[in-house]
There are 2 protein chains.
Amino acid sequence: MSLEIKSRIWIEKDGQTLLGHGRVQLLAAIEATGSLSAAAKSISLSYKKAWRLLDEMNTTAATPLVVTSVGGKDGGGAQLTEAGTQIVASFNHIRSECDKLLDQLSKQLPPA
Amino acid sequence: MSLEIKSRIWIEKDGQTLLGHGRVQLLAAIEATGSLSAAAKSISLSYKKAWRLLDEMNTTAATPLVVTSVGGKDGGGAQLTEAGTQIVASFNHIRSECDKLLDQLSKQLPPA
């Protein structure tokens, strides 16, 4: 009965996707778990896919967003860099500002 | 070098897409040409696809967004209803307000 405004937001650098909803989810999971494999598992992503996404992000960004260390009993760790933390915060800020605006505008929609 | 915020916006009704960028393009082309086939041609859409999109919009909306008339020397005409004109205007307003916000926010993005 009522209309809903939906949106998708992503950040590009030179026409390449740097960050979007799924990538931010992966970064948040890395922050929470401290490991790429645990992060991938926690958001039901294959390790291969998670690794590819991370590699794309790190290659696209001027400064890597995540640093990984190999080995150790848990098979290596992964941590957000300062640049990673900053861009995730920016993305979440944009997402929330945009949601606020669309929420306001949805009240002005005609009945349809 | 510089980051760009990209977005896609669409309007749903009961979980069904009512309007998005492509559909608004089709409606604008119908308004400009007065015919579904001419509209489809002008935006490089097959008639079949345009017809399907229009049928989905008209079925999803409470009031049809376009009325078509069969026959005549140009093979029938198509015109936006008041509901159609209104929802297109709303969509364009949302799009432009969102663009303004994202443009502002993109200036606050960290260098990356």
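Structure: above.
The rules we used
- Residues numbered from 1 in each chain as written.
- Chains lettered and ligands numbered in written order.
- Predicted model: local features only at pLDDT ≥ 70, side-chain atom pairs only at ≥ 80, totals over all residues.
- Helix = DSSP H or I, 4+ residues; strand = E, 2+ residues; numbered from the N terminus.
- Rg over C-alpha atoms; globule rule 2.2 N^0.38 Å.
- Buried ≥ 20, exposed ≤ 12 C-beta atoms within 10 Å, placed from the backbone.
- Contact = placed C-beta atoms within 7 Å.
- Least-squares fit on C-alpha atoms with pLDDT ≥ 70 in both.
- Pairing = 2+ DSSP bridges.

Structural notes on the overall build of chain A
Argument step 1. When helices and strands are tallied, chain A shows four helices and four strands.
Argument step 2. Scanning chain A from its N terminus toward the C terminus, one meets helices and strands in the order β-β-α-α-α-β-β-α.
Argument step 3. Over its C-alpha trace chain A gives a radius of gyration of 17 Å, far above what one expects of a compact globule, namely 13 Å for 112 residues.
Argument step 4. For chain A, the C-alpha atoms occupy an extent of roughly 60 × 30 × 20 Å along the three principal directions.
Argument step 5. The buried share of chain A, taken over its 112 residues, is 26%.
Argument step 6. Long-range pairs, those at least 24 residues apart, make up 48% of the contacts in chain A between residues at least 6 apart in sequence.

Concerning the relation of the copies chain B and chain A
Argument step 1. Mapping chain B onto chain A is achieved by rotating through 180° and translating by 0.0 Å along the same axis, at an RMSD of 0.0 Å. Taken together, these values place the two copies in the relation of a two-fold axis. By C-alpha distance to the rotation axis, the residue of chain B lying nearest is Arg-8 of chain B, at 2.6 Å.
Argument step 2. Residue by residue, 97% of the interface of chain B is reproduced at the interface of chain A, so both copies engage with the same surface.

Some thoughts on the interface of chain B and chain A
Argument step 1. Contact residues are listed per partner, giving 29 residues for chain B and 29 residues for chain A.
Argument step 2. Within the residue set of the side of chain B that touches chain A, elements represented by two or more residues are β1 (3-13) and α4 (82-106) of chain B.
Argument step 3. No other element matches β1 of chain B, which puts eleven residues into the side of chain B that touches chain A.
Argument step 4. Inspection of the sheet shows strand β1 (residues 3-13) of chain A paired to β1 of chain B by eleven bridges, in the antiparallel sense. Across the sheet, residue Leu-3 of chain A finds its bridge partner in β1 of chain B, namely Lys-13 of chain B.

Looking at the environment of Arg-8 of chain A
Argument step 1. Along the polypeptide, Arg-8 of chain A turns up in strand β1.
Argument step 2. When the 11 C-beta atoms within 10 Å are taken as the criterion, Arg-8 of chain A is described as exposed.
Argument step 3. Once the C-alpha coordinates of Arg-8 of chain A and Cys-98 of chain A are considered, the two residues, 90 residues apart in sequence, prove to be 9.8 Å apart.
Argument step 4. If near-sequence neighbours (up to four positions away) are discounted, Arg-8 of chain A is found in contact with His-21 of chain A together with Ser-7 and Arg-8 of chain B.

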